[in-house]
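Fold and contact review
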Amino acid sequence: IHHPGAQQMIHLKNLMNTVAFSTGHPDTTVVMTQGRNYDYQPAFRGENFIMVYTYNGRNILINLKFIAKAPFTASWFNPREGNYIDVKEEKKINGIFFNPPGEKKEGNDWVLVIKWADK
């Protein structure tokens, strides 16, 4: 309970409260270039949001079919401190490429948060 990860659970709760989390579901098809082991990036998708976790700051390529429907906003959520950082994105042929802050290394974890307006 006194470890940093335990103290950071409040940040996870606050993140989950920003979307209709209970209506979402895991979706491995969101990430186009899925990795293995520490490069694996779990994704969670709802009707108007996507969240993708990267443990080590690995770049994320999101399948365009999920976010091409409407204008969207994207940000990086820092699970260590509970704050958000604006996203830098780069369009690719079939997806949108997101580069997390910092270098790729163990413990440079981030959550990519993409939201768009309800229909």
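Residues numbered from 1 in each chain as written. Predicted model: local features only at pLDDT ≥ 70, side-chain atom pairs only at ≥ 80, totals over all residues. Heavy atoms only, no water.

1. Comments concerning the environment of Tyr38
One can find Tyr38 in the loop between strand S1 (25–26) and strand S2 (43–46). What makes Tyr38 exposed here is its relative accessible area of 58%. Distance in space between the C-alpha atoms of Tyr38 and Arg58 is 9.2 Å, their sequence separation being 20 residues. Discounting residues that sit within four places of it in the chain, Tyr38 has contacts with Tyr55 and Asn56. (Helix = DSSP H or I, 4+ residues; strand = E, 2+ residues; numbered from the N terminus. Buried < 20%, exposed > 50% of the residue type's maximum accessible area, 1.4 Å probe, protein only. Contact = heavy atoms within 4.5 Å.)

2. What to know about the packing of aromatic side chains
Applying the stated criterion across every chain yields a total of four aromatic pairs. Between Phe21 and Phe44, the ring centres sit 4.3 Å apart and the planes meet at 15°, which makes this aromatic pair stacked. Of this pair, Phe21 sits in the loop between helix H2 (9–16) and S1 while Phe44 sits in strand S2, and the two are 23 residues apart along the sequence. Among the aromatic side chains, those forming a connected cluster through ring pairs are Phe21, Phe44 and Phe49. Stacked on the ring of Trp110, the Lys or Arg Arg80 has its end atom at 4.9 Å from the ring centre. (Phe/Tyr/Trp six-rings, centres within 6.5 Å; stacked < 30°, edge-to-face > 60°. Lys NZ or Arg CZ within 6 Å of the ring centre and 35° of its normal.)

3. Overview of the sheet that holds strand S3 (residues 49–54)
Judged by pairing direction, the sheet is antiparallel, and its six strands sit side by side in the order S1-S2-S3-S9-S5-S6 without closing on themselves. Either end of the sheet is taken by a strand with one partner, and the two such strands are S1 and strand S6 (83–86). Relative to S3, S2 runs antiparallel, the two being bridged by four bridges. The residue bridging Phe44 from the neighbouring strand is Met51, located in S3. (Pairing = 2+ DSSP bridges.)

4. A closer look at the pattern of salt bridges
Pairing is possible between side chains of opposite charge, provided their charged atoms come close. Overall, the coordinates contain three salt bridges when judged by the stated rule. Salt-bridge contacts for Arg45 lead to Asp27; the nearest nitrogen and oxygen are separated by 2.7 Å. Of the two residues, Arg45 is situated in strand S2 and Asp27 in the loop between S1 and S2; the sequence distance between them amounts to 18 residues. As far as the burial class goes, Arg45 and Asp27 line up, both buried. Between Arg80 and Asp109 there is a salt bridge whose closest N-O contact spans 2.6 Å. Of this pair, Arg80 sits in the loop between strand S5 (72–78) and S6 while Asp109 is found in the loop between strand S8 (95–98) and strand S9 (110–116), placing the two residues 29 residues apart along the sequence. Given the relative accessible area of 13%, Asp109 is considered buried. (Salt bridge = Lys/Arg side-chain N within 4 Å of Asp/Glu carboxyl O.)

5. As for the confidence of the model for the protein
Averaged over every residue, the pLDDT of the protein is 88; the share at 70 or more is 90%. By mean pLDDT, helix H1 (residues 4–7) is the weakest element of the protein at 70, and S1 is the strongest at 96. (pLDDT = per-residue confidence, 0-100.)

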